[in-house]
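# What the coordinates show
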Amino acid sequence: HSKLSGPELLCQIKEMVQIATLTPDMKPFSGLPLASQLPPRQITADIGPFKTCAVVSSAGSLKNSGLGKEIDAHDAVMRFNAAPTTGFEKDVGSKTTVRLINSQVMASEDHHFLSSSLYSAGILVSWDPGPYSSDLQEWFNKTDYPIFKQYQRYRRLHPQQPFYILHPRMEWQLWQRIQDNMMETIQKNPPSSGLLGTVLMMSLCEVVHVYEFLPSRRKTELCHYYQRFSDAACTLGAYHPLLYEKNLVKRMNKGSNRDIYTHGRVMLPGFTTFNC
Ligand code: NCC
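Keep in mind that what you see is a predicted model, and the values were worked out from it rather than measured. (Residues numbered from 1 in each chain as written. Predicted model: local features only at pLDDT ≥ 70, side-chain atom pairs only at ≥ 80, totals over all residues. Heavy atoms only, no water.)

## A look at the overall build of the protein chain
Scanning the protein chain for helices and strands turns up twelve helices and seven strands. Taken over C-alpha atoms, the radius of gyration comes to 18 Å for the protein chain, in line with the 19 Å a tight globule of 276 residues would show. With respect to the three principal axes, the spread of C-alpha positions in the protein chain is 50 × 45 × 35 Å. For the protein chain, the share of sequence-separated contacts (at least 6 apart) that also reach a separation of at least 24 residues comes to 69%. Taken as a whole, the protein chain presents about 12,400 Å² of accessible surface, with 51% of it coming from carbon and sulfur. The average position of the 29 basic charges and that of the 24 acidic charges among the side chains of the protein chain differ by 4 Å. (Helix = DSSP H or I, 4+ residues; strand = E, 2+ residues; numbered from the N terminus. Rg over C-alpha atoms; globule rule 2.2 N^0.38 Å. Contact = heavy atoms within 4.5 Å. Areas by Shrake-Rupley, 256 points an atom, 1.4 Å probe, with all protein chains shown as cover. Lys, Arg positive; Asp, Glu negative; His and termini not counted. Charge placed at Lys NZ, Arg CZ, Asp CG, Glu CD.)

As structure tokens, then:
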């Protein structure tokens, strides 16, 4: 085990993590009604490339950040799960280009996924923890949450909105990059939506600015900027190997430590901008 430099880590992720979404030709979906609802092409073929992008974590430390204008100035903005903009524009902006949601959000009653207007802006991308084998049939037989049932219902209600599903292989290829670059054995759970989304945006953008994934001086136990609920595990991780994810991102950061401290801002280069 040797500690890779930032550029070496970036190259590992560029070369070993395949960014892929489900398409109608993939088995076992090809023979199912679901196939007709999946986008015919990969997300990377349909959207972007963008010049500059913002990835907005949902961290409580975004509260009172005043980062809204800066975030909205990017060509594309990614948000996560149930994170709202209405009422929080000053701190998180109002533009939503892509929303990455986990299957728990799609399935749980209290998120009103099928009817809430929160999800109607921008492009949706969803994911569900797949088996380590990344076998699609195995995953289809046993998802964590009913991602496919909910996807089909949502598509019927909102047929015009672009909606992709991440290939579970991406979760585990990224997990492997984390594990291979850490001394400790990490829990065998997929990376958080935050890291999955950051890597997805690195394949769509020339430069990705990630906000409050590495906490600034505003670091707080407040879980989300939009909820009055505190738990340090939101920032440090419990189910997800979040602390290790953050360590990796810190090593890949092209921006300054000062930017992290004052803005919670990390700068990562898009995959097309460097050679390995
Ligand atoms: O909290 P969550 O994530 O929606 O946050 C999105 C991403 O922002 C980063 N984050 C968030 C809070 C914080 N204090 N620090 C952070 O760095 C993380 O990168 C995080 O991924 C998820 O990853 O999908 C997660 O989803 C929630 C929950 O399912 C949704 O918010 C819907 O309610 C999970 N919480 C629970 O299961 C209770 C969370 O573990 C991960």
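## Considering the confidence of the model for the protein chain
Chain-level pLDDT for the protein chain is 97 on average; 99% of the residues reach the 70-or-more range. When pLDDT is averaged over each element of the protein chain, strand 2 (residues 76–80) comes out on top at 99 and helix 10 (residues 233–236) at the bottom at 96. (pLDDT = per-residue confidence, 0-100.)

## Section: the packing of helix 1 (residues 6–16) against helix 11 (residues 242–252)
One way to put it is that helix 1 packs onto helix 11 with a least axis distance of 7 Å and a crossing angle of 115°. For the pair formed by helix 1 and helix 11, the contact residues are Gly 6, Leu 9, Leu 10 and Ile 13 on the first element and Leu 248, Arg 251 and Met 252 on the second. Here the contact of helix 1 with helix 11 is built from residues that sort into five nonpolar, one polar and one charged. (Axes fitted to C-alpha atoms, helices over the stretch in contact; angles between N-to-C directions. Nonpolar A, V, L, I, M, F, W, Y, C, P; charged D, E, K, R; others polar.)

## Some thoughts on the state of the cysteines
Going through the model one piece at a time under the given rule, you end up with three disulfides. The disulfide partner of Cys 223 is Cys 234, and the gap between their sulfur atoms is 2.0 Å. The sign of the S-S torsion, about -90°, decides the handedness of the disulfide formed by Cys 223 and Cys 234: left-handed. Taken together, the residues span a long stretch of sequence, with Cys 223 in the loop between strand 6 (205–211) and helix 10 and Cys 234 in helix 10 at a distance of eleven residues. (Disulfide = S-S within 2.5 Å.)

## Things to note about helix 8 (residues 168–180)
For helix 8, which comprises 13 residues, the first-to-last C-alpha distance of 19 Å matches the rise-based estimate of 18 Å (1.5 Å per residue) to within 8%. Taken residue by residue, helix 8 has Pro 168, Met 170, Glu 171, Trp 172, Gln 173, Leu 174, Trp 175, Arg 177, Ile 178 and Gln 179 as its buried positions. Those residues of helix 8 that are buried lie in contact with helix 1, strand 4 (123–127), helix 6 (136–141), helix 9 (193–202) and helix 11. (Expected span 1.5 Å × (residues − 1). Buried < 20%, exposed > 50% of the residue type's maximum accessible area, 1.4 Å probe, protein only.)

## Some points on the pairing of strand 1 (residues 50–56)
Within strand 1, five of the seven residues are buried, leaving the element largely enclosed by the surrounding structure. Summarising the sheet, strand 1 and strand 6 pair through six bridges and their orientation is parallel. Residue pairing in the sheet places Cys 53 in a bridge with Val 208 of strand 6. Pairing geometry for strand 1 and strand 2, over three bridges, is parallel. Looking across to strand 2, one finds that Val 55 is bridged to Met 78. (Pairing = 2+ DSSP bridges.)

## Some details on the site of the ligand
Around the ligand, 20 residues are found, and the nearest of them are Asn 81, Asn 102, Gln 104, Ser 193 and His 224. Between the ligand and Asn 102 there is a distance of 2.7 Å, counted from an oxygen atom to a side-chain nitrogen or oxygen. One of the side-chain nitrogen or oxygen atoms of Lys 246 is found 2.8 Å away from an oxygen atom of the ligand. The protein chains hide 77% of the 740 Å² of surface that the ligand would expose on its own. Elements with a minimum of two residues in the shell around the ligand: helix 5 (103–107), helix 9, helix 10 and helix 11. Of the residues that constitute the shell around the ligand, the class distribution is seven nonpolar, twelve polar and one charged. (Near = heavy atom within 4 Å. Polar contact = N/O pair within 3.5 Å; in protein donor to acceptor, adjacent residues only side chain to side chain.)

## Focus on the sheet that holds strand 2
One open sheet accounts for seven strands, arranged 5-4-3-2-1-6-7; its pairing is mixed. Edge positions in the sheet fall to strand 5 (163–165) and strand 7 (265–269), since each of these pairs with one other strand and no more. In this sheet, adjacent strand axes meet at a mean angle of 20° when their direction is disregarded. Contacts from helix 7 (residues 147–157) reach strand 4 and strand 5, with the element oriented near 165° to strand 5.

## Here we look at unusual backbone geometry
In this structure, the amide linkage connecting Lys 27 to the following residue, Pro 28, adopts the cis form with an omega of 5°. Its location among the elements puts Pro 28 in the loop between helix 1 and helix 2 (43–46). Not every positive phi belongs to a glycine, and Asn 64 is a case in point at roughly 65°. Turning to its location among the elements, Asn 64 is positioned in the loop between strand 1 and helix 3 (68–72). In this model, His 112 sits at a positive phi of 45°, which is unusual for a non-glycine residue. Locating His 112 in the fold gives a position in the loop between helix 5 and strand 4.

## Focus: the packing of helix 8 against helix 9
Two elements in contact, helix 8 and helix 9, have axes whose closest approach is 11 Å; the angle formed by their N-to-C orientations is 100°. As judged from the angle between their axes, helix 8 and helix 9 are roughly perpendicular. Of the residues in helix 9, those in contact with Met 170, Glu 171, Leu 174 and Ile 178 of helix 8 are Leu 195, Leu 196, Val 199 and Leu 200. Classifying every residue of the contact of helix 8 with helix 9 by side-chain character gives seven nonpolar, no polar and one charged. (Parallel < 35°, antiparallel > 145°, perpendicular 65-115°, else oblique.)

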